[in-house]
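# Structural overview for review
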Amino acid sequence: MNTVDEKLQSILATVVHRNAGEPEFHQAAREVLESLGRVIARNPEYSADALIERICEPERQIIFRVPWIDDNNEVQINRGFRVQFNSALGPYKGGIRFHPSVNVGIIKFLGFEQTFKNALTGMPIGGGKGGSDFDPKGRSDREIMRFCQSFMIELHRHIGEYVDVPAGDIGVGAREIGYMFGMYKRLNNRFEAGVLTGKGLVYGGSRARKEATGFGTVFFVRSMLALKGTDFDGKRCVVSGSGNVAIYAMEKVLSLGGKVIACSDSGGYVVDENGIDLDLIKQIKEVKRGRISEYVALKGDGCSYVKAGSIWDVPCDIALPCATQNELHGGDAKTLIENGVIAVAEGANMPCTPEAVQMFKQAGTLFAPGKAANAGGVATSALEMQQNASRDSWSFAKTESRLEEIMINIHDACNETAEEYGAPGDYVLGANIAGFVRVAEAMRAMGVI
Ligand code: NDP
Ligand code: 2IT
């Protein structure tokens, strides 16, 4: 171990100590710090003035009570979070997650990842993340509305178009953003379109934002495949999840000639060798807000639902984990590799465990880390902010073509950075270094703050 790595080890030890009991944040920090040895050896100024220690410490962490009244007139209490991680490149920017697993460590890992992801987009946005341990499953529309309103009654004082701009994530889509925007508008008595992204089209949303994360992930994979002289045509794809990211990843795979064989939700997965019927998935998930298990009864012969087990047992050429963190383990990576997977891209944030990532690397599988592969969502959020600031509304084609261009740029930046630092093909290293350098340059320019 050289001295630079020793220094990073001690920074990591401090992160682990200071954020005890937050394994997801430790995991995300470790992965980035593992990549930084080479960049610090070449540019020692990046480790001066405790720059890396500062990058690992959120600028602000807000935790608050969210009381609300359910349909039975019972008072419920949830916990709300907003971690404002880094504002060197612009206002804090990142989604809000509603899921019972949410805690401060998960929000911190997401905010940390977001900082580098947002830097990779090249847009003027810092990194943040928020959420609540509220479980939207089984809740009525009115309960969702009351929860969102109570959440915003506290959050509103911490956000703003030049301060912090939240968006959606797991459990938060256009419906929830609408309820939160309405309450923000009422509390502040101003129509501040740029305070939230992922809004409905009629009141300042951007075309292609809904599709952006999934489309962007597939654009990234297309660039990786092109470098190897191949494409999506006829490829078998497996996509985990069946939420916002998964649905639009599937849509773009299909439009590029690929075949989607399986998708899932937290209850299990469906396999359809004739190709997943995406209209049916949209009907079940976007309209009915139902379960993936309903697919088989509605579709008929030729498909099956697997309640237990792993979707990664389904043989495929391309695997797109689009559900949640640490959903693809070492054992799954082994199976995928044995089944001949060519490329894996993280539509979700940190869905592959470190062991799985290592195995893909060793096997020579093309591997796209989340902070690069799923950056199309936040990039299009930044395009939404741009449209709001200029009081404009772009066509779908224009917005999608900007997204496409941004994803190609991110791919090329990761690839070229990996080469420059002596690790060709290592998109993890490339993404971490390219994102870090942008944030570090801005922080250096601003002095010790
Ligand atoms: P959605 O809420 O729309 O969908 C989430 C999907 O993942 C659902 O199918 C859900 O199943 C499944 N899922 C969630 N948690 C778990 C769990 N603990 N175990 C198994 N399955 C689970 O969220 P998104 O599609 O927006 O987000 C998916 C991932 O993509 C997340 O990691 C998010 O951070 C990331 N991401 C999202 C972006 C966006 O623009 N929305 C941008 C970049 C990244 P079920 O319904 O059964 O819970
Ligand atoms: O993880 C993510 O990048 C998001 N959930 C989207 C964030 C955003 O601000 O659009």
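Chains are numbered independently. Their residues run from 1 in the order of the written sequence. Going through the entries in the order they are written, you letter the chains from A and number the ligands from 1. For this predicted model, a pLDDT threshold of at least 70 governs which residues receive local features, and a threshold of 80 or more governs which side-chain atom pairs are given and counted, while totals over whole chains, interfaces and linings are taken from all residues. To get the side-chain values, take all heavy atoms of the structure and skip hydrogens and water.

Time to look at the packing of helix α15 (residues 396-420) against helix α16 (residues 427-445). Across the interface, α15 lies against α16 with an axial gap of 7 Å and an inter-helix angle of 100°. The orientation of α15 with respect to α16, classified from their angle, is roughly perpendicular. Contact residues: H411, A413, C414, N415, T417 and A418 in α15; Y427, L429, G430, A431, I433, A434 and R438 in α16. Under the scheme applied, nonpolar residues are Ala, Val, Leu, Ile, Met, Phe, Trp, Tyr, Cys and Pro; charged residues are Asp, Glu, Lys and Arg; polar residues are all the others, including Gly. Split into classes, the residues belonging to the contact of α15 with α16 amount to 8 nonpolar, 4 polar and 1 charged. Convention adopted: a line fitted to C-alpha atoms gives each axis, helices being fitted over their contacting stretch, and angles between N-to-C directions are expressed from 0 to 180 degrees. The helix count covers DSSP runs of H or I at least four residues long, the strand count covers runs of E at least two residues long, and both are numbered beginning at the N terminus. Roughly parallel covers angles under 35 degrees, roughly antiparallel covers those over 145, roughly perpendicular covers 65 to 115, and oblique covers all other angles. The criterion used for residue contact is that any of the two residues' heavy atoms lie within 4.5 Å.

Attention now moves to the sheet that holds strand β6 (residues 236-240). Pairing between the strands of a sheet is mediated by backbone hydrogen bonds and can be parallel or antiparallel. Two strands are said to pair when DSSP picks up at least two bridges between them. Ordered by their spatial adjacency, 7 strands build an open sheet running β9-β8-β7-β6-β10-β11-β12, and the pairing between neighbours is mixed. Each edge of the open sheet carries a strand with a single partner, namely β9 (303-306) and β12 (366-368). Averaged over neighbouring strand pairs, the angle between their axes works out to 15° when direction is ignored. The sheet contact formed by strand β10 (residues 318-321) and strand β11 (residues 343-345) spans 2 bridges and is parallel. Bridging from a neighbouring strand, A319 pairs with V344 of β11. Packing against the sheet, helix α7 (residues 209-227) makes contact with β10, β11 and β12, and its axis sits at approximately 150° to β11.

So, on to the state of the cysteines. Cysteine pairs can be covalently joined through their sulfur atoms, and such a bond is termed a disulfide. Here, a disulfide means two cysteine sulfur atoms that sit within 2.5 Å of each other. Using the criterion set out here, one finds 0 disulfides in the structure. Of all cysteine sulfurs, the one in C414 lies closest to C56, which takes part in no disulfide; the gap is 19 Å. Left without a disulfide partner, C237 is nearest to the cysteine sulfur of C316, which lies 7.4 Å away.

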